[in-house]
Amino acid sequence: MDPVSSSNTLDNQAVTKKVTWQMPDTLVIIFFVAIAAAILTYFVPIGSFQTEDVSYVVDGVEKSRSVIDPDSFTYEVDEKGEPILKPVALFEGHGGAGFFNFAFEGLVSGSKWGSAIGVIMFMLVIGGAFGIVMATGTIDNGILKLIDRTRGNEVLFIPVIFILFSLGGAVFGMGEEAIAFAIIICPLMIRLGYDGITTVMVTYVATQIGFASSWMNPFSVAIAQGIAGVPVLSGSGMRFVMWSAFTLMGLVFTMRYAAKVKALPTHSFSYQSDSYFRDNLKESNLESRFNLGDILVLLTIFATVAWIIWGVIAKAWFIPEIASQFFTMGIVVGIIGVVFKLNKMNINTVAVSFKQGAATMLEPAVLVGCASGILLLLGGGDASTPSVLNTILSKAGEFIGQLPSVMSAWFMYLFQSVFNFFVTSGSGQAALTMPLMAPLADLVGVTRQVAVLAFQLGDGFTNILVPTSASLMATLGVCRVDWGQWLKFIWRFMLVLFVVSSAIVVGAHYMGFS
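Rules of the game
- Residues numbered from 1 in each chain as written.
- Predicted model: local features only at pLDDT ≥ 70, side-chain atom pairs only at ≥ 80, totals over all residues.
- Heavy atoms only, no water.
- Helix = DSSP H or I, 4+ residues; strand = E, 2+ residues; numbered from the N terminus.
- Rg over C-alpha atoms; globule rule 2.2 N^0.38 Å.
- Buried < 20%, exposed > 50% of the residue type's maximum accessible area, 1.4 Å probe, protein only.
- Contact = heavy atoms within 4.5 Å.
- Areas by Shrake-Rupley, 256 points an atom, 1.4 Å probe, with all protein chains shown as cover.
- Lys, Arg positive; Asp, Glu negative; His and termini not counted.
- Charge placed at Lys NZ, Arg CZ, Asp CG, Glu CD.
- Phe/Tyr/Trp six-rings, centres within 6.5 Å; stacked < 30°, edge-to-face > 60°.
- Axes fitted to C-alpha atoms, helices over the stretch in contact; angles between N-to-C directions.
- Parallel < 35°, antiparallel > 145°, perpendicular 65-115°, else oblique.
- Left-handed = near helix turned anticlockwise from the far one by under 90°.
- Nonpolar A, V, L, I, M, F, W, Y, C, P; charged D, E, K, R; others polar.
- Patch = residues over 30% accessible without salt bridge, like charges linked within 9 Å, V, L, I, M, F, W, Y side chains within 5 Å.
- Salt bridge = Lys/Arg side-chain N within 4 Å of Asp/Glu carboxyl O.
- Core = buried A, V, L, I, M, F, W, Y, C linked by side-chain atoms within 4.5 Å.
- pLDDT = per-residue confidence, 0-100.
- 1 Å grid on protein atoms, 1.4 Å probe; cavity = no way out; pocket = protein on both sides within 12 Å on 5 of 7 lines; lining within 4 Å.
- Points joined across faces, edges and corners; volume = space filled by probe spheres on them.

K.L.:
Sorry, what's going on with the overall build of the chain here?
P.N.:
For the chain, the count of helices and strands is 21 helices and four strands. For the chain, whose C-alpha radius of gyration is 24 Å, the value lies close to the compact-globule estimate of 24 Å for 514 residues. On the principal axes, the C-alpha backbone points of the chain span a range of 80 × 75 × 50 Å. Within the chain, buried positions represent 52% of all 514 residues. Once local pairs closer than 6 in sequence are excluded, the contacts in the chain between residues at least 24 apart make up 77%. Summing over all exposed atoms, the chain offers an accessible surface of approximately 22700 Å²; the carbon and sulfur share of this is 65%. Looking at charge distribution, the chain has the averaged site of its 27 positive side-chain charges lying 12 Å from that of its 33 negative ones.

Below is the structure:
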């Protein structure tokens, strides 16, 4: 072989290798994060806090919550009085959380009210329910009718949906509910020439922008203010302006990206994974059918959504109640499909569609469970049980307390952003961190209102990025977007959010926001 040709061949192979490198699978990333968490337990001693109950008033109703006593942190010590390390073993029996237990223990951790098991079951139930809905063909046919009726005005879909979801996040802490909506909206976005990532932006990301910048979120700012001793819902004027600004930022970013994808679909970060939806749309039996059965299916969906919104606001419904309403919706839609022979449905078709819909949720469900296992490796989120996580929380508070006031305010925001990786529940993070941050704010010359602001921005926005967020991983899953693809897309927007949020926290400190 000619030496020059041989050299060119090697060069081409090198180029090919560079081009074919891909971001590791999400499960691989979670596995290595778990390794890092396990290593941390070999160097950081365990400690715990005592807890106490605090009361606060929201909308004239007195509520209470168990929170940590910020002055009560103590290390777990041995007979000599030395802090104890509790390194994670490779394997633990009797339900312990060894390294190789973390996947199973994470999958079964929590309760039906939250992550991981509650969220996983929620995903399977709504996946099955919407599997029945999609099998009727009503959504596909309805989308075609909608596009035909609104031809030339499709561009309005994105801002209208984005603002509504942001408002939902701000008013009643919408988050998990976005998963169900993404199942319906994703085919619509693909039909309109957009992609799965656009769907995630207008549903889940919009809710988290509203959640983070809210003036009244009952699961975040209201609880944090109550714990910090700040009048609940105070500072609403400034926060409403902040919500409007962040919603506008998110909307502009989303519309610019969506316009690029529509102009040239291969610019999409999820172009390959979107082929699942494109292929389904090509293969689907799309008659120009839109009969009484289709109308009844849509009315059932809208009635269910309205009923759930009422239940969340008026009755404080959460995961179990919401999942049950969607399950009921699936049964009703299945009956309608059988009676009106939508896509030639019969009882067996309903059952198979439910199972297939639930099956589409298995991949994100595994990711949710494994991510939850990382918290268990660090000792769990119970403040009264000695753990590495409690020690990290205490030491972070000590470090922030030694900084100048303006740096303390900013580091509160930075700390809340990082801590959200481990505790993605807004109310849970408030209960763990605000009893420490509120008195610390007094000591360093930062108002408690600014400490609450740092909490809500840090807690809310990182939910858009961290793979430990069950709602994020579920929404990405139903839209067929891998977390690695998501990271490549969202990091620029996250950087903008971080810079603007930092400026708001620092500016609020200098203005004496209280």
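K.L.:
When you look at the packing of aromatic side chains in this model, what are you seeing that I'm missing?
P.N.:
For any pair of aromatic rings, geometry is given as the distance between the ring centres together with the angle between the planes. Taken as a whole, this structure holds 29 aromatic pairs when the rule is applied. When the ring of Tyr257 is compared with that of Phe269, the centres are 6.2 Å apart and the planes differ by 40°; the resulting orientation is tilted. Residue Tyr257 is located in helix α10 (residues 236-263), and its partner Phe269 is located in the loop between α10 and α11 (275-283); the two are separated by 12 residues in the primary sequence. Judged by relative accessible area, which is 8%, Tyr257 ranks as buried.

K.L.:
For this particular structure, what's the right way to read the side chain of Ser214?
P.N.:
Mapped onto the secondary structure, Ser214 falls in the loop between α8 (196-213) and α9 (221-228). Once residues lying within four places of it in the same chain are set aside, the contact partners of Ser214 are Ala170, Val221, Arg239 and Gln456.

K.L.:
Which parts of the structure should I look at to understand the packing of helix α4 (residues 117-135) against helix α14 (residues 347-359)?
P.N.:
Two elements in contact, α4 and α14, have axes whose closest approach is 6 Å; the angle formed by their N-to-C orientations is 130°. One element, α4, and the other, α14, form an angle in the oblique class. Note that α4 runs across α14; the crossing there is right-handed. Across the interface between the two elements, Leu124, Val125, Gly127, Gly128, Ala129, Gly131, Ile132 and Ala135 of α4 pack against Val350, Ser353, Phe354, Gly357 and Ala358 of α14. Class assignment for the residues of the contact of α4 with α14 results in eight nonpolar, five polar and no charged.

K.L.:
What exactly am I supposed to notice about the environment of Ala441 here?
P.N.:
Take Ala441: it is sitting in helix α18 (residues 426-444). On the accessibility criterion, Ala441 (0% relative accessible area) is buried. Ala441 sits 166 residues away from Ser275 along the chain, and the two C-alpha atoms are 51 Å apart. Once you skip the residues sitting within four places of it in the chain, Ala441 turns out to touch Met412, Val446, Thr447 and Ala451.

K.L.:
Just checking my understanding: could you explain a nonpolar patch on the surface for this structure?
P.N.:
Where nonpolar side chains cluster on the molecular surface, the patch consists of Phe290, Leu292, Ile295, Leu299, Phe327, Ile331, Ile335, Val339 and Phe340 and spans about 810 Å² of accessible area. Contributing elements (two or more residues each) for the nonpolar patch: α12 (292-315) and α13 (319-339). Considering each element in turn, the nonpolar patch owes the most residues, four residues, to α13. Looking at the secondary structure, you find Leu299 in helix α12.

K.L.:
Explain the environment of Ile143 here, please?
P.N.:
Assignment of secondary structure puts Ile143 in helix α5 (residues 138-149). The contacts of Ile143, once residues within four sequence positions are left out, are Pro187, Leu188 and Arg191.

K.L.:
Would you explain the nonpolar core in this entry?
P.N.:
Across soluble globular proteins, nonpolar side chains have a tendency to be buried as a group. With 149 residues, the main nonpolar core has Phe130, Phe326, Met434, Ile464 and Trp486 as its most contacted residues. Per-element accounting of this core gives the leading share, 11 residues, to helix α7 (residues 177-191). With near-sequence residues (within four places) excluded, Phe130 lies in contact with Ala180, Ile183, Ile184, Phe326 and Met329.

K.L.:
What is the right way to read the pattern of salt bridges from this model?
P.N.:
Opposite charge on two side chains lets them pair, provided their charged atoms get close. The tally for this structure, following the rule as stated, stands at two salt bridges. Measuring nitrogen to oxygen at the nearest pair gives 3.4 Å for the salt bridge that ties Lys395 to Glu398. Of this pair, Lys395 and Glu398 both sit in helix α16 (residues 388-401), three residues apart, roughly one helical turn. Owing to a relative accessible area of 42%, Glu398 belongs among the partly exposed residues under this scheme. A salt bridge links Arg448 to Asp442; its shortest N-O distance comes to 2.6 Å.

K.L.:
Whenever I open this one, the side chain of Glu105 confuses me. Can you help?
P.N.:
One can find Glu105 in helix α3 (residues 102-107). Although Glu105 is buried, it makes no salt bridge; Lys86 carries the closest opposite charge, 13 Å away. Residues within four places of Glu105 in sequence aside, it is in contact with Gly95, Gly96 and Leu376.

K.L.:
I would appreciate a short explanation of unusual backbone geometry in the present structure.
P.N.:
Backbone phi values are negative for most residues with the exception of glycine, while trans is the configuration of most peptide bonds. The phi dihedral of Ala316 is positive, around 60°, even though this residue is not glycine. The topology assignment puts Ala316 in the loop between α12 and α13. Taking relative accessible area as the criterion, Ala316 reaches 61% and is therefore assigned exposed. Notably, Arg480 is not glycine yet its phi reads approximately 60°, a positive angle. Mapped onto the elements of the fold, Arg480 is located in the loop between α20 (470-478) and α21 (483-510).

K.L.:
Explanation requested: the confidence of the model for the chain in the structure shown.
P.N.:
In regions of low pLDDT, the predicted coordinates are not meant to be interpreted in detail. Summing up the model confidence of the chain, the mean pLDDT is 87 and the portion of residues at 70 or higher is 92%. The model gives residues 14-19 a pLDDT under 50, and that stretch makes zero contacts with residues more than four places away or in other chains.

K.L.:
What's the story with the environment of Phe253 in this structure? I'm lost.
P.N.:
You can see Phe253 is positioned in helix α10. For Phe253, a relative accessible area of 22% corresponds to the partly exposed category. Remark: the alpha-carbon pair of Phe253 and Leu40, spanning 213 residues in sequence, is separated by 37 Å.

K.L.:
Mind showing me how you'd approach empty space enclosed by the protein here?
P.N.:
Over the atoms, a rolled probe matching the size of one water molecule traces out where space is still vacant. For the structure shown, the criterion picks out one cavity of 30 Å³ or more. Computed from the structure, the largest cavity encloses a volume of approximately 70 Å³. Lining the largest cavity are Phe172, Met174, Glu177, Phe181, Val305, Ile308, Ile309, Val312 and Phe326. Taken together, the elements giving at least two residues each to the lining of the largest cavity come down to α7 and α12. The biggest single contributor to the lining of the largest cavity is α12, with four residues. Residues belonging to the lining of the largest cavity are distributed by class as follows: eight nonpolar, no polar and one charged.

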